[in-house]
Amino acid sequence: MSATQQMGVFQQPAKTLILSEPRTMSRTTPYALSKTLEQLLARQAGLEKEPYSNKVLAQLARAVQKIADTYTEGKAPRALFSNPALRTAYTGYYLPCNAIKLFPILNELFRRKALSCPDGSLRVLDLGCGPGTLLAGLLDYFLQHREHAGFTLDLTGIDRDPGNCSTAHSLIEEFTAAAPDAPTVTSTRFLQRDMHSLDRLTTASNTFDLIMAGNLINELPPREFDDFARRVTKLLKSTGSLIILDPGTRSSFKNLLMFRGELLAREDMHLFAPCLHPDVCPLQDCDQAWCHEKVSWTPPLHVKLIDQRTGFTKYKGVKFSYMVATRGTPPLLSPENAAPGESLW
């Protein structure tokens, strides 16, 4: 059976459709992970070669459904990653779906020259790194955009689950070995810690050019947002950038807005994207609408096949909300720039 035949309902070529991207950016083709990363993730999920085993795909689909049910039902997700089978399913299915979200954001950071590392080494911290999702996405982006990769990488990931740290370390090591054209990684550390222990990282020489947090804010109680904002900003260099990714649901967006307020209360932090100003969001008190993106992509074959078995639709595009804040790069607009008697909205 060929890959096309195995795909079943996906065997008709899809039309190229750009659903949404951050603000002014445009593309004529969907985003995609490199074949190097796709094949590595498939192998780690137990899918050695095409055509993939229907038995393994069925097992992965059941595990993916269980993960989705856990989040949908509002249960604590921590126990998910202590189960090796569920961690494998997450890495095979959700990791590529979340990693691709970085691509349009990084495009905008580089387009506006907001991501810099004057000493030639980009120091990156991933908070709640899971099995290496955003760090793998970052490496893959640089593999595909070598014009932006004129530096070495120093990578640190933090997660409270030791299995995640181990999986992330293996993934990054295998990816860098399989992709010699990716930027040189001079250091890789994965630390088993929670967000309350971030102060242990903070020293004069231990700050970061880029801090990322994917699907973390929605798992923190709002009462901890102020403390988390304080800890994160202490870890950011004076010219650093902070990327916050969120699942893109209505309820999680409200938490993102609350954290946005706590972060911007710190006078040295500037909102970079997607908002054009740091004032109160006009959706703050709107219950029927929320800000989110939907990015068109060409997913790995195994993601499409799992979609076929679960009824999910990641193959059509991935939704998310996000926020980027920087030091040293002021916002495009601010309320004080409005003419007298006018507002930005």
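Look a little higher up for the structure.
Rules of the game
Residues numbered from 1 in each chain as written. Predicted model: local features only at pLDDT ≥ 70, side-chain atom pairs only at ≥ 80, totals over all residues. Heavy atoms only, no water. Buried < 20%, exposed > 50% of the residue type's maximum accessible area, 1.4 Å probe, protein only. Helix = DSSP H or I, 4+ residues; strand = E, 2+ residues; numbered from the N terminus. Pairing = 2+ DSSP bridges. Right-handed = clockwise from strand over helix to strand, strands pointing away. Contact = heavy atoms within 4.5 Å. Phe/Tyr/Trp six-rings, centres within 6.5 Å; stacked < 30°, edge-to-face > 60°. Lys NZ or Arg CZ within 6 Å of the ring centre and 35° of its normal. Salt bridge = Lys/Arg side-chain N within 4 Å of Asp/Glu carboxyl O. Axes fitted to C-alpha atoms, helices over the stretch in contact; angles between N-to-C directions. Parallel < 35°, antiparallel > 145°, perpendicular 65-115°, else oblique. Left-handed = near helix turned anticlockwise from the far one by under 90°. Nonpolar A, V, L, I, M, F, W, Y, C, P; charged D, E, K, R; others polar. Core = buried A, V, L, I, M, F, W, Y, C linked by side-chain atoms within 4.5 Å.

A. Representation of the pairing of strand 2 (residues 152–159) in the model. Of all eight residues in strand 2, seven are buried, a share of seventy percent or more. Where strand 1 (residues 121–127) meets strand 2, seven bridges bridge the pair, whose relative direction is parallel. Opposite Asp126, over in strand 2, you have Gly157 as the bridge partner. Between the parallel elements strand 1 and strand 2, the chain passes through helix 6 (residues 133–144) in a crossover that is right-handed.

B. Expanded view of the environment of Ile100. As for its placement among the helices and strands, Ile100 is situated in the loop between helix 4 (84–99) and helix 5 (102–111). Distance in space between the C-alpha atoms of Ile100 and Tyr141 is 8.6 Å, their sequence separation being 41 residues. Setting aside anything within four residues of it in sequence, one finds Ile100 in contact with Tyr31, Ala32, Leu33, Trp297 and Val318.

C. Broad picture of the packing of aromatic side chains. According to the stated counting rule, one finds 13 aromatic pairs in the structure shown. Between Phe110 and Tyr141 the ring centres are 6.2 Å apart and the planes differ by 10°, which places this aromatic pair in the stacked class. A residue pair is termed long-range when its members are at least 10 positions apart, and Phe110 in helix 5 and Tyr141 in helix 6 qualify at 31 residues. Across the ring face of Phe272, the terminal group of Arg112 is positioned such that the distance to the ring centre comes to 3.9 Å. Stacked on the ring of Phe208, the Lys or Arg Arg123 has its end atom at 4.6 Å from the ring centre.

D. Highlighting the pattern of salt bridges. The full count for this structure, using the stated rule, is 14 salt bridges. Here Arg123 and Asp154 are joined by a salt bridge, their closest N and O atoms 3.7 Å apart. Of this pair, Arg123 sits in strand 1 while Asp154 is found in strand 2, placing the two residues 31 residues apart along the sequence. The pair Arg123 / Asp154 is uniform in exposure class, with both members buried. Between Glu219 and Arg160 there is a salt bridge, with its nearest N and O atoms 3.8 Å apart. With Glu219 in the loop between strand 4 (208–214) and helix 8 (225–235) and Arg160 in the loop between strand 2 and helix 7 (162–178), the pair connects residues that are 59 residues apart, well separated along the chain. In the salt-bridge network here, residues are joined through shared partners; they are Asp199, Asp227, Arg230, Arg231 and Lys234.

E. Expanded view of the packing of helix 4 against helix 6. Two elements in contact, helix 4 and helix 6, have axes separated by 9 Å at closest approach and are oriented at 55°. Our classification of the angle between helix 4 and helix 6 gives oblique. Remark: the crossing between helix 4 and helix 6 carries right-handed chirality. Between helix 4 and helix 6, the residues in contact are Tyr90, Leu95, Asn98 and Ala99 and Thr133, Leu134 and Gly137, respectively. Here the residues of the contact of helix 4 with helix 6 are counted per class, giving four nonpolar, three polar and no charged.

F. Summary view of the pairing of strand 4. By the criterion of burial, strand 4 is predominantly enclosed, with six of the seven residues buried. As paired strands, strand 1 and strand 4 are joined by four bridges and run parallel to one another. Across the sheet, residue Asp126 finds its bridge partner in strand 4, namely Met212. In the sheet, strand 4 pairs with strand 5 (residues 236–246) via six bridges, with the strands oriented parallel. Bridging from a neighbouring strand, Ile211 pairs with Leu242 of strand 5. For the crossover that starts at strand 4, traverses helix 8 and ends in the parallel strand 5, the hand is right-handed.

G. The arrangement of the side chain of Thr167 in detail. As for its position among the elements, Thr167 is in helix 7. When neighbours within four sequence positions are excluded, Thr167 is seen to be in contact with Arg87, Thr91 and Pro131.

H. Region of the structure containing unusual backbone geometry. Cis geometry is adopted by the peptide bond preceding Pro51, which originates at Glu50 and carries an omega value of -5°. Each neighbour pair has its own omega, and for Ala273 with Pro274 the value is 0°, a cis peptide bond. Take Pro274: it is sitting in the loop between strand 6 (270–273) and strand 7 (293–295). One non-glycine residue, Lys113, adopts positive backbone phi at about 55°. Tracing the chain through its elements places Lys113 in the loop between helix 5 and strand 1. Notably, Asn215 is not glycine yet its phi reads approximately 55°, a positive angle. Here Asn215 is to be found in the loop between strand 4 and helix 8.

I. Spotlight on helix 2 (residues 35–44). Considered for burial, the residues of helix 2 that qualify are Leu37, Glu38, Leu40, Leu41 and Ala42. Contacts from the buried residues of helix 2 go to helix 4, helix 6, helix 7 and helix 10 (301–310). Looking at the residues trailing helix 2, positive phi occurs at Gly46, about 90°.

J. The arrangement of the nonpolar core in detail. Counting residues in each nonpolar core, the largest one holds 76 residues, and the members touching the most others are Leu102, Leu109, Val124, Leu138, Phe142, Met212 and Ile243. Ignoring any residue separated from it by four or fewer positions in sequence, one finds Leu102 in contact with Leu134, Gly137, Leu138, Met212, Ile243 and Leu245. If you look at the next biggest cluster of nonpolar residues, it comprises 33 residues, including Leu201, Leu235, Leu256 and Ala325.

Without other data, these values stay purely geometric and don't point to any function.
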